[in-house]
Amino acid sequence: MSRVQLSINVSDLDAAVAFYTKMLGTPPAKLRPGYANFAVNDPPLKLVLNAPGNGEPGTINHLGVEAGTTEQVDEAGTRLAAAGLATDARPGAVCCYARQDKVWVRDPDQVPWEYYTVLEHIESP
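Computed from a predicted model, the values in this text were never measured in an experiment.

## Considering the packing of aromatic side chains
For step 1, the next point in the chain: The final tally for this structure, using the stated rule, is two aromatic pairs.
For step 2, the next point in the chain: Relative to Tyr20, the ring of Phe19 lies with its centre 4.9 Å away and its plane at 85 degrees, an arrangement referred to as edge-to-face.
For step 3, the next point in the chain: On the numbers, 5.5 Å between centres and 50 degrees between planes, the contact of Tyr35 with Tyr97 is tilted. Of this pair, Tyr35 sits in strand 3 (residues 35-40) while Tyr97 is found in the loop between strand 6 (88-95) and strand 7 (98-106), placing the two residues 62 residues apart along the sequence. Each member of the pair, Tyr35 together with Tyr97, is buried.

Here you go:
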């Protein structure tokens, strides 16, 4: 299943986790030091919370689309490049307590977007 990802910088991770658990009606799918992510099925959403030190609290860290497979990430990268967008492919990237295949682009205001798939969950950020 594909879903849109929102990654938000927060000032108090514990308070944000408590709020979003109540708001979304589900606990985090992954909770690590300085990091939490919620994988919501309805509506399809991946919400990531980043502890202080990752950016100004209350701002968007980045946006993304979680894909089901590496092939879908590769297809997105090909489509984006064919459309004339500058892409930055990162196969096997270690990020967010996972190993991922991903491709990055930036919108006209330089907001980063990623298409990614999780290959495996790991214990280091």
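## Here we look at the environment of Leu63
For step 1, the next point in the chain: Along the chain, the position of Leu63 falls in strand 5 (residues 60-66).
For step 2, the next point in the chain: C-alpha of Leu63 to C-alpha of Gln5: the two residues are 58 residues apart in sequence and 5.6 Å apart in space.
For step 3, the next point in the chain: Other than its neighbours up to four places away in sequence, Leu63 contacts Gln5, Leu6, Val111, Pro112, Trp113 and Glu114.

## Quick look at the pattern of salt bridges
For step 1, the next point in the chain: Overall, the coordinates contain six salt bridges when judged by the stated rule.
For step 2, the next point in the chain: With a closest N to O distance of 2.7 Å, Arg3 and Glu66 form a salt bridge. Placement of Arg3 in strand 1 (residues 3-9) and of Glu66 in strand 5 is noted, with a sequence separation of 63 residues between them.
For step 3, the next point in the chain: The residue Glu66 makes a salt bridge to Lys46 at a minimum N-O spacing of 3.4 Å. In this pair, Glu66 sits in strand 5 while Lys46 sits in strand 4 (residues 45-50), placing the two residues 20 residues apart along the sequence.

Rules used throughout
- Residues numbered from 1 in each chain as written.
- Predicted model: local features only at pLDDT ≥ 70, side-chain atom pairs only at ≥ 80, totals over all residues.
- Heavy atoms only, no water.
- Phe/Tyr/Trp six-rings, centres within 6.5 Å; stacked < 30°, edge-to-face > 60°.
- Helix = DSSP H or I, 4+ residues; strand = E, 2+ residues; numbered from the N terminus.
- Buried < 20%, exposed > 50% of the residue type's maximum accessible area, 1.4 Å probe, protein only.
- Contact = heavy atoms within 4.5 Å.
- Salt bridge = Lys/Arg side-chain N within 4 Å of Asp/Glu carboxyl O.

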